[in-house]
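Below, each chain spelled out in residue letters.
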Amino acid sequence: MERGEVAGWFAGRLPDGWFTEPVELIIDRDEITVVGTLPEPAAGEGDAAAAQAGRIARFREDTRRERMAVADAAQQRYGRSVAWGAACGDTRELFTTLSMPVMTRLRQPERLVLDTLVDAGVARSRSEALVWAVRLVGRNAEEWLAELRQAMASVEEVRARGPQAG
């Protein structure tokens, strides 16, 4: 699946006026997450974060039917579930997203790390500890992971330009 093709499809399919800029697409093997930026509420009385959260909630409710129609079409086209999210000012919210079980075999040293996180109260279970550890790595290695993703995208581009078998 070429990212540019997916971005172009969503750009053409999404109604004008929903978002203030092109959507952010997060694509993995199972899901496409579409996050759009909403216009910020006018400055006025009250808490700005609450106003932004309210704008996101209104968008979610008002666009549900149209978003689901777009998601159904995208799922048919790309074979992946579609999740939605919105950002408004400093507030960002993802709507219903997939939570996928992942099976792995861990040896004792890795299990001890997870058990330490559970025993220290950082996590309630080994599963939750593993999620915590993956998030920590992702946050602290984001630059390296971004570079790795870019390198993988370059490999895909070269493969696409290469000779076609058959």
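Residues numbered from 1 in each chain as written. Predicted model: local features only at pLDDT ≥ 70, side-chain atom pairs only at ≥ 80, totals over all residues. Heavy atoms only, no water.

K.L.:
Sorry, what's going on with the sheet that holds strand β2 (residues 31-37) here?
P.N.:
Backbone hydrogen bonds hold the strands of a sheet together, and the pairing may be parallel or antiparallel. Taken in spatial order, the four strands line up as β1-β2-β3-β4 in an open sheet, and their pairing is mixed. Across the chains shown, the open sheet's two edge strands, defined by having one partner strand only, are β1 (24-27) and β4 (91-94). Sheet twist, expressed as the mean angle between neighbouring strand axes with direction ignored, is 15°. As paired elements, strand β3 (residues 81-88) and β4 share four bridges and run antiparallel to each other. Residue pairing in the sheet places Cys88 in a bridge with Thr91 of β4. Where helix α1 (residues 3-13) meets the sheet, its contacts fall on β1, β2 and β3, and the angle it forms with β1 comes to roughly 135°. Sheet strands touched by helix α2 (residues 48-62): β3 and β4. Its angle to β4, the strand with the most contacts, is close to 30°. (Pairing = 2+ DSSP bridges. Helix = DSSP H or I, 4+ residues; strand = E, 2+ residues; numbered from the N terminus. Axes fitted to C-alpha atoms, helices over the stretch in contact; angles between N-to-C directions. Contact = heavy atoms within 4.5 Å.)

K.L.:
Is there a simple way to explain the pairing of β1 in this structure?
P.N.:
Each regular strand carries side chains that alternate between the two faces of the sheet. For β1 and β2, the ladder comprises four bridges, and the chain directions are antiparallel. Bridged to Ile27 within β2 is Ile32. The hairpin turn running from β1 into β2, its antiparallel successor, is three residues long.

K.L.:
Please explain the packing of aromatic side chains as it appears in this structure.
P.N.:
Any aromatic ring pair is given by two values, namely how distant the centres are and how the planes are angled relative to each other. For the coordinates displayed, the defined rule picks out seven aromatic pairs. Judged by centre distance (6.4 Å) and plane angle (80°), the rings of Phe10 and Trp84 are edge-to-face. With Phe10 in helix α1 and Trp84 in strand β3, this pair connects stretches of sequence that are 74 residues apart. Take Phe10 and Trp84: they sit in the same class, and that class is buried. Ring centres 5.9 Å apart and planes at 80° place the aromatic pair Trp18 and Phe19 in the edge-to-face group. The two residues Trp18 and Phe19 agree in class, both being buried. (Phe/Tyr/Trp six-rings, centres within 6.5 Å; stacked < 30°, edge-to-face > 60°. Buried < 20%, exposed > 50% of the residue type's maximum accessible area, 1.4 Å probe, protein only.)

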